[in-house]
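Structural overview
The chain contents come next:
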Amino acid sequence: MILVTGATGTIGSHVVRLLTDRGVPFRAMSRRERPGGVRADFDDPASLAGAVAGVDTVFLVTVPPVPTADHDIDLITAARAAGVRKIVKLSAIGSGKLFDGATVGEWHVAAEEAIEASGLVWTMLRPPSFASNFLRYRALIQAGEPIPNLTGDSRQAIVDPRDVAAVAVAAMTSDAHDGQRYDLTGPKLLTFTDQAAILERVLERLVKIIDVSALDQLPTGMITGISWARAGGAAYVTDDVLRVLGRPAGTFEEWARDHQEALAAMP
Ligand SMILES: NC(=O)c1ccc[n+]([C@@H]2O[C@H](COP(=O)([O-])OP(=O)(O)OC[C@H]3O[C@@H](n4cnc5c(N)ncnc54)[C@H](OP(=O)(O)O)[C@@H]3O)[C@@H](O)[C@H]2O)c1
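Residues numbered from 1 in each chain as written. Predicted model: local features only at pLDDT ≥ 70, side-chain atom pairs only at ≥ 80, totals over all residues. Heavy atoms only, no water.

1. A word on the sheet that holds strand 1 (residues 2-4)
Pairing between sheet strands relies on hydrogen bonds along the backbone, with the strands arranged either parallel or antiparallel. How we decide: Two strands qualify as a pair provided DSSP detects at least 2 bridges between them. To qualify as a helix, a DSSP run of H or I must reach at least 4 residues; to qualify as a strand, a run of E must reach at least 2; elements of each kind are numbered from the N terminus. Here the axes come from fitting lines to C-alpha atoms, over the contacting stretch only for helices, and the angles between their N-to-C directions go from 0 to 180 degrees. When checking whether two residues touch, look at their non-hydrogen atoms; a contact exists if any pair is within 4.5 Å.
The strand order across the open sheet built from 7 strands is 3-2-1-4-5-8-10, with neighbouring strands paired in parallel fashion. Because the sheet does not close on itself, it has two edges, and the strands there are strand 3 (37-39) and strand 10 (180-183). Taking the axes of each pair of neighbouring strands and ignoring which way they run, one obtains an average angle of 20° across the sheet. Two elements, strand 5 (residues 86-90) and strand 8 (residues 121-126), share 5 bridges in a ladder whose sense is parallel. In the strand pairing of strand 8, leucine 90 is matched with leucine 125. Each of strand 1, strand 2 (26-30), strand 4 (57-60) and strand 5 touches helix 1 (residues 10-22); the most contacted strand, strand 1, lies at about 150° to it.

2. With respect to the site of the ligand
What counts, and what does not: Any residue with a heavy atom positioned within 4 Å of a molecule or strand is treated as near that molecule or strand. For this analysis, a polar contact is any N or O atom pair within 3.5 Å, provided that within protein one partner can donate a hydrogen and the other can accept it, and provided that sequence-adjacent residues contribute only side-chain to side-chain pairs. Every accessible area reported is derived by Shrake-Rupley at a probe size of 1.4 Å, with residue values counting cover from the shown protein chains alone. Under the scheme applied here, ten amino acids are nonpolar (Ala, Val, Leu, Ile, Met, Phe, Trp, Tyr, Cys and Pro), four are charged (Asp, Glu, Lys and Arg), and all others, including Gly, are polar.
Of all residues adjacent to the ligand, which total 28 residues, the nearest are Thr8, Ser30, Arg31, Thr62 and Asn133. Between the ligand and threonine 8, the relevant distance is 2.6 Å, taken from an oxygen atom to a side-chain nitrogen or oxygen of the residue. One nitrogen or oxygen atom from the side chain of aspartate 41 is found 2.8 Å from a nitrogen atom belonging to the ligand. Calculation on the ligand without its partners gives an accessible area of 920 Å², and the protein chains cover 82% of this total. Broken down by secondary-structure element, the contributors of at least two residues to the shell around the ligand are helix 1, strand 2 and helix 4 (106-117). Along the lines of polarity and charge, the residues of the shell around the ligand split into 13 nonpolar, 10 polar and 5 charged.

3. Some remarks on the UniProt feature "domain: NAD(P)-binding" (unreviewed entry) in the protein chain
We count it as follows: UniProt positions are given in the numbering used here, feature names are shortened, and annotations may be inferred rather than shown by experiment.
Following the UniProt record, one finds the feature "domain: NAD(P)-binding" (unreviewed entry) at residues 6-174. Secondary structure within residues 6-174 divides into 37% helix and 18% strand; the distance between the first and last C-alpha atoms comes to 21 Å.

4. Considering helix 4
The condition is simple: Expected span of a helix: the number of residues minus one, times 1.5 Å. Relative accessibility under 20% of the residue-type maximum defines a buried residue, over 50% an exposed one, and the middle range a partly exposed one, all with a 1.4 Å probe and only protein chains included.
Taking 1.5 Å per residue, 12 residues should reach 16 Å; helix 4 reaches 17 Å between its end C-alpha atoms and fits that length. Taken residue by residue, helix 4 has Trp107, His108, Val109, Ala111, Glu112 and Ile115 as its buried positions. Where helix 4 is buried, its residues contact strand 4, helix 3 (70-82), strand 5, strand 8 and strand 10. Of the residues trailing helix 4, glycine 119 is marked for its positive phi of about 85°.

Structure (C-alpha cells):
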C-alpha cells in the first residue's frame, strides 16, 4: 500500500493517475473528505496515524505556509510508528546550496536530513521549476497582460511535472532507486524569454513578460531559491529522468502543446 500525500496537487495528481493505470494499490491523502481517499492534515499531526496505517511506502509532498520541516517530521514520526518502510520525498533543486549567506531550500534540507536519520528507506526528488507553473498565468496571458519573470536572463531546465511523477512512481514501485537523490531537470536550458517565445508559438498569441527583480516581496521560503536561480545556480541539465525512465525528459514545448486547452481556458 502506497500513501500519496499532496494527492490533489500538481505532482500528486499525476502520481495518482499513474498508480491507477498500473493497478498499484494506493491511498490518496487530502485535507478534504474525498471518495476512496483518506482525510488528514499536516497541521493536525494526530490525523496522520490513520493515513499511514498499513502503508508500506509514502510519497511525501509538503507545502508548509511558512518554511518549516515540521510537516515532514510529523509524517516521519507517524510513518515509523506505523512500520512504513520507504519514503519518496518531493524536494527541490539546489536544496542545501549556499547563496548570499543563506541556504537554498533550507526546510527541504532539514526534512531530507530527518528522513535520512529515520532509518527508513528513501529516495529524494529534486526538480527545478515545473512547466505547469505557467497555468497560474493563464488569465494574464489571455488578457494580453505581461507575466512576471522572476529569474531574469538566467537559464533553467524547466521540467514536465509528468516526468517528476513518473520518476516518483518508479522509485516507489522498485528498490532500484533506494538511497538516490535525483535532480529531475528537463532536457534543455531555457531563459524565461525562451519559455515565453515557446508559449507564443504554441498558443499563437503574444506572450508579454515583465522583469520582477524585487524578490524581497516573495514568500520567505522562495527568496533564496529564486535569487540563486536568477544568479544562474539552476542552469544545469542532468540525465536523471532518462536514467530512471529509460526515455528522455519531455521538452517545455511538448508540455505546452499538451496543455494548449488548459492554457486557453479561463482559470
Ligand atoms: N512548483 C514548482 O515549480 C516546484 C519546483 C520544485 C519543487 N517544488 C516542491 O513541490 C512541492 C509542491 O508540490 P505540488 O506543486 O505538486 O503541490 P501543490 O500543487 O501546491 O499541491 C499541494 C498539495 O498539498 C496538499 N496540502 C496542502 N496543505 C496541506 C496540509 N496542511 N495537510 C495535508 N495536505 C496538504 C494539498 O491537498 P488538499 O488541498 O487536497 O488538502 C495539495 O494536494 C513543494 O514542496 C515545493 O517546494 C515545486
